[in-house]
Amino acid sequence: MKRKGDKNFKYICLLVLGSIFFSYSCGEVTPTSTSPGKASTTTGQSYKYTKKSSDVADETSGFTLHSFRGQPSGPNLAFIEGGRVVLGSYEEDLMNRKDNIERTVTVASFYMDETEVANIHWLEYLNDLQQKGETDRYQKALPDTTVWYRVLAFNDPYIDHYFRYPGFRFYPVVGISWTQAVDFCAWRTNFVNNDLAKKAGLIDEDSEGESGAETSTTQRIPLETGVVLPNYRLPTEAEWEYAAQGLIGVQWLDENQTHKRIYPWDGHSQRNPYGKRQGYFLANFKRGRGDYAGIAGKLNDGAMITTSIYDYPQNDNGLWNMAGNVNEWVYDVYRPLSFQDFEDLNPVRRNDFLDEDKGYDTQNTLISGSIRVYKGGSWKDVAYWLSPGTRRYLEQDSSSATIGFRCAMIRAGSNY
């Protein structure tokens, strides 16, 4: 026979358990950037929220917050999750420069273009400058198509056709200097953010005219709105090399990697070891002396010069052509000892800090504050240069038929 006290005890237990569950499930949530809560945790003052990004803050009714759902997605960008990485070449140092000594660093998460910037993208850039009547900028932005010219080779058709002929639309743009690439990044930032601001109602499209169009691409859109993207820019050398390695696919258990990679894919070979494409090359490069593509009827790597920005398999980060096709400019100034000098979190060499220009014979070594790194190998390079750790350099105002670029962007509001 059950006693009345037992029944009351069970009832009390249920009440206690229920109150604990309710406190956990319905208790106050820790505020975040996307859900700051109803009031300030510093002053207790209620926040005033805007319904849309174009709403103007009312200074008389408290601190105003714009609605925010996270960093907007930029066109053509792939997210690269950051982490620890060993930079440097795993290949033999054929050039005997000792400028890519292995070093462990950490690279924060960022975004990078899935593809190289193509001719069609550069034509869009030129068209926008022309429509705005920016003649000087247009002239400075024109690619140097004479980079194809060789005294002892008949590359003349590429001089006239490679950049503008529709058949080459999605081939990587070449003849672009480091300086021109930086200017393109600035234009792209303004253009994309301008478009995002219009869609959010921050810029009145009806106000654009001959003068308004130019103004709208240069005016500052407040970061506080959460509408705009961070700047497009050239990737740092560390970011580029980290993204090219694509080591996500070699993870095993907890913080272990099964192997490293010489190239942006597994194995020691440049050929695909699997499936129907077995035996085909994984990049566009020079196979050997005088051999750019193979023989007629079996053009193995498919390209005697550049090829489409979407050819060849993506690496584990979803990026095309991180080896071969064209070399790519990166942000860094070249120094032989960069890997030993720079910091181990988000490393970059901006200038000649700790390794001044005056310490070099600039005429014979070409090393100066205006020399920039390029990486990745090209259609005209042998396989050695396909390894992400290899590095070369060129004057920032120079260009080549073998060098292009892609853009990068920070991941804002993130601690990893």
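Residues numbered from 1 in each chain as written. Predicted model: local features only at pLDDT ≥ 70, side-chain atom pairs only at ≥ 80, totals over all residues. Heavy atoms only, no water.

Peer 1: So what exactly am I meant to see when it comes to the pairing of strand E9 (residues 327-333) here?
Peer 2: Residues in a regular strand point their side chains to alternate faces of the sheet. Within E9, 6 of the 7 residues are buried, leaving the element largely enclosed by the surrounding structure. Note that E9 and strand E12 (residues 403-404) share 2 bridges and pair parallel. Considered in E12, the bridge of Glu-328 is made with Gly-404. Of the pairings in the sheet, the one linking E9 to strand E10 (residues 371-375) comprises 3 bridges and is antiparallel in character. Residue Val-333 lies in a different strand from E10, and its bridge partner there is Arg-372. (Buried < 20%, exposed > 50% of the residue type's maximum accessible area, 1.4 Å probe, protein only. Helix = DSSP H or I, 4+ residues; strand = E, 2+ residues; numbered from the N terminus. Pairing = 2+ DSSP bridges.)

Peer 1: For this particular structure, what's the right way to read helix H2 (residues 119-131)?
Peer 2: An α-helical segment advances 3.6 residues per turn. Residues three or four places apart therefore align on the same side. For H2, spanning 13 residues, the distance from its first C-alpha to its last is 18 Å, which sits close to the expected 18 Å at 1.5 Å a residue. When H2 is considered as a whole, its buried residues turn out to be Asn-119, Trp-122, Tyr-125, Leu-126, Asp-128 and Leu-129. Those residues of H2 hidden inside the fold are in contact with helix H3 (135-141) and helix H5 (178-199). Just past H2, the residue Gly-133 takes up positive phi, approximately 75°. (Expected span 1.5 Å × (residues − 1). Contact = heavy atoms within 4.5 Å.)

Peer 1: Hey, could you run me through the confidence of the model for the protein in this one?
Peer 2: Do not read the fine detail of predicted coordinates wherever pLDDT is low. With 87% of its residues at a pLDDT of at least 70, the protein reaches an overall mean of 86. In the predicted structure, residues 19-27 sits below a pLDDT of 50 and forms 1 contact with residues beyond four places in sequence or in another chain. Below a pLDDT of 50 lies the segment residues 207-217, which in the model reaches 13 contacts outside its immediate sequence neighbourhood of four places, other chains included. (pLDDT = per-residue confidence, 0-100.)

Peer 1: Even after reading the chapter, I still don't get the side chain of Asn-317, so can you show me in this structure?
Peer 2: Structurally, the position occupied by Asn-317 is in the loop between strand E8 (256-257) and E9. Among the residues examined, Asn-317 registers a relative accessible area of 9% and is labelled buried. Of the polar contacts made by the side chain of Asn-317, one reaches the backbone oxygen of Ala-243; its length is 3.0 Å. Ignoring anything within four residues of it in the chain, the contact list for Asn-317 reads Ala-78, Ile-80, Tyr-242, Ala-243, Gly-246 and Ile-248. (Polar contact = N/O pair within 3.5 Å; in protein donor to acceptor, adjacent residues only side chain to side chain.)

Peer 1: Whenever I open this one, the pattern of salt bridges confuses me. Can you help?
Peer 2: Pairing is possible between side chains of opposite charge, provided their charged atoms come close. For the coordinates displayed, the defined rule picks out 18 salt bridges. The closest approach of N and O atoms between Glu-255 and Arg-84, which form a salt bridge, is 3.9 Å. Of this pair, Glu-255 sits in the loop between strand E7 (251-252) and E8 while Arg-84 sits in strand E4 (residues 83-87); the two residues are 171 residues apart in sequence, bridging distant segments of the chain. For Glu-255, a relative accessible area of 59% translates into the label exposed. Across the salt bridge formed by Arg-335 and Asp-355, the nearest N and O atoms sit 3.9 Å from each other. Taken together, the residues Arg-335 in the loop between E9 and helix H8 (338-341) and Asp-355 in the loop between H8 and helix H9 (362-365) connect sequence positions 20 residues apart. The class for Arg-335 is buried, based on a relative accessible area of 0%. (Salt bridge = Lys/Arg side-chain N within 4 Å of Asp/Glu carboxyl O.)

Peer 1: Sorry if this is basic, but what is going on with the sheet that holds strand E13 (residues 408-410) here?
Peer 2: Note: strands within a sheet are paired through backbone hydrogen bonds, in either parallel or antiparallel orientation. Read across the sheet, 3 strands follow the order E3-E6-E13 without closing on themselves; strand pairing throughout is antiparallel. At either end of the open sheet lies a strand with only one pairing partner, and these are strand E3 (77-80) and E13. For this sheet the average axis-to-axis angle between neighbouring strands, irrespective of direction, equals 25°. Pairing geometry for strand E6 (residues 110-113) and E13, over 3 bridges, is antiparallel. In the sheet register, Met-112 faces E13, and the bridge partner there is Ala-408. Where helix H7 (residues 237-245) meets the sheet, it contacts E3, E6 and E13, and its direction lies at approximately 75° from that of E6. (Axes fitted to C-alpha atoms, helices over the stretch in contact; angles between N-to-C directions.)

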